[in-house]
Amino acid sequence: MYMQINNLYKSFPTRSGELIVLKDINMSIEQGEYICAVGASGSGKSTLLRQIAGLDRPTSGEVRIDGQLITAPGHDRGMIFQHYTLYPWMSVLENAEFGLKLLGVPKKIRREQASYYLSVVGLTSFAQALPKQLSGGMKQRVAIARALASEPKVLLMDEPFGALDIHTKESMHEFMISLWQRTNITIFMITHDVEEAVFLANRIYALGSSPGTVRKEIKIELPERNFAVKRHQIFHDYRDELMELLREHGREATN
Amino acid sequence: MSTEPKSIRQFIRPKTVNHSVFWQIAEDIPPRLNTVLTITSIALPFLIWWAVSSFAQIDAKFLPSPSQVIEAFGRLWNSGELQKDTIASLWRVGVGALFVALFSIPVGILMGSFASIRALLEPIFGLVRYMPAPAFIPLLILYLGIGEEPKIMLIFIGVFFFNSLMVMDTVKFVPKELIESTYILGGNKASALFQVIVPYVIPGILDACRINLAAAWQLVIVSELIAATEGLGRRISVAGRFLRTDEIFVGLIVIGVIGLSFDLFFQAMIRFSCKWASQKR
Ligand SMILES: Nc1ncnc2c1ncn2[C@@H]1O[C@H](COP(=O)(O)OP(=O)(O)OP(=O)(O)O)[C@@H](O)[C@H]1O
Ligand SMILES: [Mg+2]
């Protein structure tokens with residue numbers, strides 16, 4: 001197993017006692033997989049990702065990547081946040097190479113690497129632009145290039161396309177599929193968009209709410225990965241199954 | 001029911017937004033109107049001053065006319081007193097502001113970045129900030145004598161605490177996610193502090209310094225009440241004692257113009273050095 005989450009619990013102290021946000025999460029992910037975790041808002045998705053990223057420590061349980069226990073943030077995991085996190089005073093190229101700069105890579109080499117990943121995300125011509133000159137989708141692509149430049153073991157994504165319009169979202173989906181196929185990187189992505197999950201993932205964890213638990217693990221086997229597949233019956237079946245799962249949990253949570 | 005069921009529409013009184021160039025909320029005005037209004041802003045008070053002083057038969061000891069003030073300006077300039085006063089005041093404000101910047105910027109950044117330092121310093125800063133700096137004059141004379149030290153210290157006391165707290169506030173606005181991304185990209189706390197927080201807050205810090213420089217100018221007048229032999233503030237109090245109202249006006253105008261030039265200089269610096277921070281593209 002490449003990435004493992006074992007018996008992970010997370011609770012926060014609140015005025016009315018402990019709030020259990022994540023309860024007994026177990027996941028195991030192989031190298032090169034594209035995993036989506038789907039859950040309703042408030043089901044603890046961001047919290048889970050923060051434990052994997054090492055930004056926060058689990059109350060109990062552990063996360064391991066390549067056998068190593070995660071205790072702190074590090075460059076072996078790239079992360080794309082729900083909100084745009086480019087450094088506004090740096091150009092697109094400087095943003096893309098910032099991780100390598102922090103890691104002490106010599107200027108010439110990091111320039112080359114960052115430029116390569118800017119070309120991967122299709123933004124070579126914007127290398128000198130400032131983040132404020134970019135659209136939302138372009139910003140997320142720069143963030144992806146920045147994360148990929150230091151060649152992390154896993155790419156963690158927290159609802160990265162949540163703020164995008166449907167067309168930009170679709171082109172980002174196409175981009176993610178081709179990126180995943182070209183680089184064979186392991187991706188762990190969080191979303192509440194069921195169709196997005198079915199389209200992108202090769203395996204989905206459906207999360208239940210309050211507290212967040214893994215309700216079901218679904219392996220996705222689609223005949224192809226392009227937009228035509230969205231008309232396939234099998235795509236609809238996956239989607240309906242997931243929708244039904246999330247709906248049940250929504251009902252449980254309100255009861 | 002006796003009355004007809006009423007529709008909510010009967011109660012709705014819609015407000016209309018009428019089109020006006022002058023009264024537009026959160027919109028720019030045309031550049032020509034802007035120029036006209038800027039000129040009016042300066043010219044109108046001057047015009048009123050000129051009209052009142054020349055037509056209302058007011059004693060020059062009470063309100064000198066613009067030409068009398070210009071005359072006084074020439075007199076003070078030719079005798080070299082004005083230059084000496086200006087340099088003395090500029091020096092005090094400059095040295096005071098430099099010390100303030102030197103100490104308050106690092107302290108403010110530390111307070112904004114670390115909750116521990118904030119908890120340690122914010123209460124005492126918040127308290128001292130409300131003590132009027134001029135009230136420290138007796139103590140300053142007692143501790144530091146009557147040379148330049150107490151004058152510069154007065155400016156320091158009056159501005160340092162405000163500036164530290166304002167710098168702290170700009171640091172608190174750094175999005176947490178920018179700092180967390182830095183850790184994930186492989187940075188440590190030092191990189192987050194020096195490579196992310198500091199560049200992010202530079203425009204905010206320059207702006208805080210710009211605002212507090214105005215306060216420093218206010219205090220130079222007060223500081224020169226401490227046994228000064230020269231300085232614009234000193235000039236004004238001496239002129240007041242001998243009822244040379246025209247010289248009071250010269251002092252006030254020179255202080256205002258110098259202050260305004262500093263302000264414009266800082267604004268230009270922020271605009272040119274931090275293009276990324278400006279709202280417009
Ligand atoms: N630091 C914290 N302290 C207290 N409670 C927290 C904290 N962080 C998260 N929570 C709680 O944990 C629950 C899950 O939050 P989380 O942000 O992980 O949800 P999410 O699934 O990412 O939702 P969304 O889809 O809206 O982003 C929420 O009820 C939230 O109030
Ligand atoms: Mg979230």
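Given the structure is predicted, the values throughout are model-derived calculations rather than measurements.

Strands pair in a sheet through their backbones, by hydrogen bonds, and they do so in one of two ways: parallel or antiparallel. Residue and element names in this part refer to chain A. With antiparallel pairing, the four strands of this open sheet are ordered in space as β2-β1-β4-β5. On the outer flanks of this sheet lie β2 (17-29) and β5 (68-69), each paired with one strand and no other. In this structure, strand β1 (residues 3-14) lies alongside strand β4 (residues 60-65), joined through five bridges in antiparallel fashion. If you follow I5 over to β4, its bridge partner there is V63.

Residues and elements named next belong to chain A. The strand order across the open sheet formed by six strands is β6-β7-β8-β3-β9-β10, and the pairing between neighbours is mixed. The sheet is open, and its two borders are formed by β6 (77-80) and β10 (213-219), each paired with just one other strand. Across the sheet, the mean angle from the axis of one strand to that of its neighbour is 20°, orientation sign disregarded. For β6 and strand β7 (residues 154-158), the ladder comprises four bridges, and the chain directions are parallel. Across the sheet, I80 pairs through a bridge with M157, a residue of β7.

All names here are of chain A. The environment of ligand 1 is made up of F12, V21, A40, S41, G42, S43, G44, K45, S46, T47, Q82 and E159. G42 places a polar main-chain atom, nitrogen or oxygen, 2.9 Å from an oxygen atom of ligand 1. Contact between ligand 1 and K45: an oxygen atom at 2.7 Å from a side-chain N or O atom of the residue. In the complex, 60% of the free accessible area of ligand 1, which totals 630 Å², lies under the protein chains. Among the elements that take part in the shell around ligand 1, helix α1 (residues 45-53) stands out by supplying three residues, more than any other.

Another point: the domain arrangement of chain A. Interfaces are often described in size by the accessible area the parts lose on coming together. All names here are of chain A. Taken domain by domain, chain A holds domain 1 (3-76 + 155-254) and domain 2 (83-151). The centre of domain 1, based on its C-alpha atoms, is set 25 Å off from the matching centre of domain 2. Residue-level contacts link 13 residues of domain 1 with twelve residues of domain 2. Where domain 1 abuts domain 2, roughly 1000 Å² becomes buried across the two surfaces, and 78% of that area is made up of carbon and sulfur atoms. In this assembly, domain 1 and domain 2 are joined by zero salt bridges. Taken together, the links from domain 1 to domain 2 amount to one residue pair in polar contact (both at pLDDT 80 or more). Elements represented by at least two residues in the side of domain 1 that touches domain 2 include exactly β7 and α5 (166-183). Here the side of domain 1 that touches domain 2 takes six residues from α5, the largest share from any one element.

Turning our eyes to something else, we now look at the interface of chain B and chain A. Listed by partner, the interface residues are 21 residues for chain B and 26 residues for chain A. Carbon and sulfur atoms make up 66% of the area that chain B and chain A hide from each other, which totals about 2000 Å². Considering only the surface of chain B that becomes buried against chain A, I184(B), L185(B) and W276(B) emerge as the three largest contributors, covering 37% of it. Run the count over chain B and chain A and you get one salt bridge. A salt bridge links R50(A) to E180(B); the nearest nitrogen and oxygen atoms lie 2.8 Å apart. Going through the elements one at a time, α7 (176-184) and α8 (189-223) of chain B are the ones with two or more residues in the side of chain B that touches chain A. In terms of residue count, the dominant contributor to the side of chain B that touches chain A is α7(B) (eight residues).

For the rest of this paragraph, the subject is the pairing of β1(A). As judged from the nine bridges shared by β1(A) and β2(A), these two strands associate in the antiparallel manner. Of the residues in β2(A), the one forming a bridge with T14(A) is G17(A).

Definitions and cut-offs
- Residues numbered from 1 in each chain as written.
- Chains lettered and ligands numbered in written order.
- Predicted model: local features only at pLDDT ≥ 70, side-chain atom pairs only at ≥ 80, totals over all residues.
- Heavy atoms only, no water.
- Pairing = 2+ DSSP bridges.
- Helix = DSSP H or I, 4+ residues; strand = E, 2+ residues; numbered from the N terminus.
- Axes fitted to C-alpha atoms, helices over the stretch in contact; angles between N-to-C directions.
- Near = heavy atom within 4 Å.
- Polar contact = N/O pair within 3.5 Å; in protein donor to acceptor, adjacent residues only side chain to side chain.
- Areas by Shrake-Rupley, 256 points an atom, 1.4 Å probe, with all protein chains shown as cover.
- Domains from an automatic or database assignment.
- Contact = heavy atoms within 4.5 Å.
- Buried area = accessible area lost by both parts, 1.4 Å probe.
- Salt bridge = Lys/Arg side-chain N within 4 Å of Asp/Glu carboxyl O.

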